[in-house]
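Each chain, written out:
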Amino acid sequence: MRTALVYHEEMTAARLLWDDPECEIERPERLTAAVERLQQGGLEQRCLQLAAREASEAELGLVHSPEYVSLMRGTQALSTEELQALSGQYDAVYFHPSTFHCARLAAGAALQLVDAVLTGTAHNGLALVRPPGHHSQRAAANGFCVFNNVAIAARYAQKRHGVHRILIVDWDVHHGQGIQYIFEDDPSVLYFSWHRYEHGRFWPYLRESDADAVGLGPGRGFTVNLPWNQVGMGNADYMAAFLHVLLPVAFEFDPELVLVSAGFDSAIGDPEGQMQATPECFAHLTQLLQVLAGGRVCAVLEGGYHLESLSQSVCMVVKALLGDPAPPLLGPMVPQHSALESIQSVRAAQAPHWTSLWQQGSTPTLSLSTCSPERRPSPVSPGGPKCKAAEAQTSAVLSSLLDRLHLCATPPVRTAIALTAPAAAMVLPPDILRQEESAPREETQAWARLHEALTQDTAFTALGKVLHLLNGILDGQVSSGIATTPAAASTLEVVLRQGLSHGAQRVFCVALGQLDRPPDLANDGRTLWLNIRGKEAAALSTLHVSVPLSGPMASRTPKLHSWLPFYGDQRGAESWSSWSRSPHASLWESWPGCCMETPPRAWVPSPWPPQTTCRPWCT
Ligand SMILES: [Zn+2]
């Protein structure tokens, strides 16, 4: 079983017992809706299903004080009035007689998931839990969170399994200040969080949520905060944040385990986040994380209050964990100016700590903090006409996604491999198909006429196999494939032409080594050609980029993050530190979606705390 799914229905027992508009959104249906959707989509059945266990008090003690654990234990015997009184001592928290049990199950589920992944029982997994955890602190409940599930899981992984470096990715729309406080002076845990911030006017209103809060002492550089200063961030903004901030730093950090504080209040439709990212974006984010830590990704549910959006996003994460292809991203892939400002601020704040963020000839154009009153947007006015139009748009998008989730079939073959030497002894993993079939001889002969090299015996045989493999991919029977051939350039040209003739709208070709692009495909507008270790360090054209990786970089594995900006919508961007600025300029003009340049602005210090105008929601 590839993917573990950890859950226990007893985590639905805790509920709000009195009126509290602030807390009523954290309700049991959050879990039941997600589980039902996983069942309907046939996803739960494909996972290794584990029933959550309770974390022991010793395990809770990895993060929390004994006095706090004892206080929480005592809530089981309190009356409703006493529970309400205790809840009032914390910020946006409610207790129920079953809260202690639920919270121990939530933390225990995260530990079970870590055990499953680190012992090899599963490759990756998701723990569906409540209450959430990322706001919880050593001796305080906060923002619906009682025990800090992900922080406990990180300490547990270190202590029980001897893991040295852990990356925590917090894509919940709120800042997980609880996790930050626990690890802020610890270089063994890299904590990345993006969060709705609005220059400090959004809950939890913390100065230390800003980009210039990078950690303390030996932990400096191991806290990465990306504050969103406007609502409405969408797929392009989230992808840009991963490609330009998280992944460069994460590759350099080289984690052995990735924990995800997987809150879905950052998805479209959620009343908390008011963001625009669609559920399939979370499939892409999950896929990107799977290239780290050998794919050992453990996601643990945090927030998410729009049941439809939450359920779909959970399904997308599970599909990605299972290895299914990610559906295409919707909407224009152009990040907003405000998002680019935030990203630039984080890169500037983190550049002293991470060489992967250095940019030759560039200097920070913004202050490290994003708290300038000059850039504050007008206050959000929930419930206005604009809000209603956005809601209508959201429901239309969600219903189309709902249809597609069931229609989007998973190819029966995940990976096929076509080799030129069938007798070659090679042990393949059980889920990889060794393809021996070939395309019909007439079809192969027709394509082989393009190049004399392809008429040679071995190359011709390889071409037949490659064409069969490609037909399988184009027909939706195969997800991905690997092929070997003695005539790489000629075969690649055939593959490109066949893909385009079968209706592919855009083809992204990554060539390692010097490989010439067919001249007539240079300006067709449908093929993006990235040549790593090509002849020249230049953008030969808008759709033809060559990276030599000469000098010190050539002796290292090509930096994966250097070409990641081309991922997604085939929008290029610069991030090669070895490039000079001039060839970049043409790229920036051609691909504004990933341009990292923002206009210089004067820094104006702002008073702290800022005036708060947002509703004090939580988690
Ligand atoms: Zn949240």
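This structure is a prediction, so every number in the text was calculated from the model and none was measured.

1. What about the packing of aromatic side chains?
No. 1: Summed over the entire model, instances satisfying the criterion amount to 17 aromatic pairs.
No. 2: With centroids separated by 6.0 Å and ring planes inclined at 75°, the aromatic side chains of Tyr-90 and Phe-95 adopt a geometry described as edge-to-face. Each member of the pair, Tyr-90 together with Phe-95, is buried.
No. 3: Taken together, the aromatic side chains of Trp-171, Phe-192, Trp-194, Trp-228, Tyr-238, Phe-242, Phe-264 and Phe-282 make up a single cluster linked through ring pairs.

2. Considerations on the pattern of salt bridges
No. 1: By the definition in use, this model includes 17 salt bridges.
No. 2: Where Arg-37 meets Glu-308, a salt bridge forms, and the shortest distance between an N and an O atom there is 3.1 Å. Of the two residues, Arg-37 is situated in helix H1 (residues 29–40) and Glu-308 in helix H10 (residues 307–322); the sequence distance between them amounts to 271 residues.
No. 3: Residue class for Glu-308 comes out partly exposed when judged on its relative accessible area of 24%.

3. Some words on the sheet that holds strand S7 (residues 257–262)
Two orientations exist for strands paired in a sheet by backbone hydrogen bonds: parallel and antiparallel.
No. 1: Taken in spatial order, the eight strands of this open sheet run S2-S1-S3-S8-S7-S4-S5-S6, and their pairing is parallel. A single partner strand is all that each edge strand has here, and the edge strands are strand S2 (48–51) and strand S6 (223–228). Strand-to-strand twist across the sheet, computed as the mean angle between neighbouring axes with direction ignored, equals 15°.
No. 2: Helix H8 (residues 235–253) rests against strand S4 (166–170), strand S5 (189–196) and S6 of the sheet, and its axis sits at about 170° to S5.

4. Re the nonpolar core
No. 1: By size, the foremost hydrophobic cluster in this structure holds 128 residues, and its most contacted members are Leu-128 and Trp-171.
No. 2: By residue number, the principal contributor to this core is H8, which donates 13 residues.
No. 3: Beyond its immediate sequence surroundings of up to four residues, Leu-128 is in contact with Leu-5, Val-6, Tyr-7, Met-11, Leu-31, Ala-34, Val-35, Leu-38, Leu-301 and Val-314.

5. Topic: the packing of H8 against helix H9 (residues 279–289)
Describing two packed helices takes the angle between their axes plus the distance from one axis to the other.
No. 1: Look at H8 against H9: their axes get within 10 Å of each other, and the N-to-C directions meet at 15°. Our classification of the angle between H8 and H9 gives roughly parallel. Between H8 and H9 lies a crossing whose hand is right-handed. Contact residues: Asn-235, Tyr-238, Met-239, Phe-242, Leu-243, Leu-246 and Leu-247 in H8; Glu-280, Cys-281, Phe-282, His-284, Leu-285, Leu-288 and Leu-289 in H9.
No. 2: Considered class by class, the residues forming the contact of H8 with H9 number eleven nonpolar, two polar and one charged.

6. Considerations on the pairing of strand S12 (residues 507–512)
No. 1: Residues Val-507, Cys-509 and Ala-511 line the buried face of S12, whereas the alternating positions Phe-508, Val-510 and Leu-512 sit on a face that is not buried.
No. 2: Taken together, the six bridges between S12 and strand S13 (residues 527–532) define a ladder with parallel strand orientation. Bridge pairing in S13 links Phe-508 to Leu-528.

7. Examining H8
No. 1: Counted at 1.5 Å a residue, the expected span for H8 with its 19 residues is 27 Å, and the 25 Å between its end C-alpha atoms agrees.
No. 2: At Leu-246, H8 shows its largest kink, close to 40°, and the proline Pro-248 lies no more than four residues downstream.
No. 3: In terms of burial, H8 is largely enclosed, as 17 of its 19 residues are buried.
No. 4: Immediately beyond the C-terminal end of H8, within one or two residues, lies Asp-254, with a positive phi of roughly 55°.

8. Overview of the confidence of the model for the protein chain
No. 1: Per-chain confidence: the protein chain averages 84 in pLDDT, with 79% of residues scoring 70 or above.
No. 2: When the criterion is pLDDT under 50, residues 552–563 qualifies, and its contacts beyond four places in sequence or with other chains add up to 19 contacts.

The rules we used
Residues numbered from 1 in each chain as written. Predicted model: local features only at pLDDT ≥ 70, side-chain atom pairs only at ≥ 80, totals over all residues. Heavy atoms only, no water. Phe/Tyr/Trp six-rings, centres within 6.5 Å; stacked < 30°, edge-to-face > 60°. Buried < 20%, exposed > 50% of the residue type's maximum accessible area, 1.4 Å probe, protein only. Salt bridge = Lys/Arg side-chain N within 4 Å of Asp/Glu carboxyl O. Helix = DSSP H or I, 4+ residues; strand = E, 2+ residues; numbered from the N terminus. Pairing = 2+ DSSP bridges. Axes fitted to C-alpha atoms, helices over the stretch in contact; angles between N-to-C directions. Contact = heavy atoms within 4.5 Å. Core = buried A, V, L, I, M, F, W, Y, C linked by side-chain atoms within 4.5 Å. Parallel < 35°, antiparallel > 145°, perpendicular 65-115°, else oblique. Left-handed = near helix turned anticlockwise from the far one by under 90°. Nonpolar A, V, L, I, M, F, W, Y, C, P; charged D, E, K, R; others polar. Expected span 1.5 Å × (residues − 1). Bend = angle between axes of the 7 residues up to and from the residue. pLDDT = per-residue confidence, 0-100.

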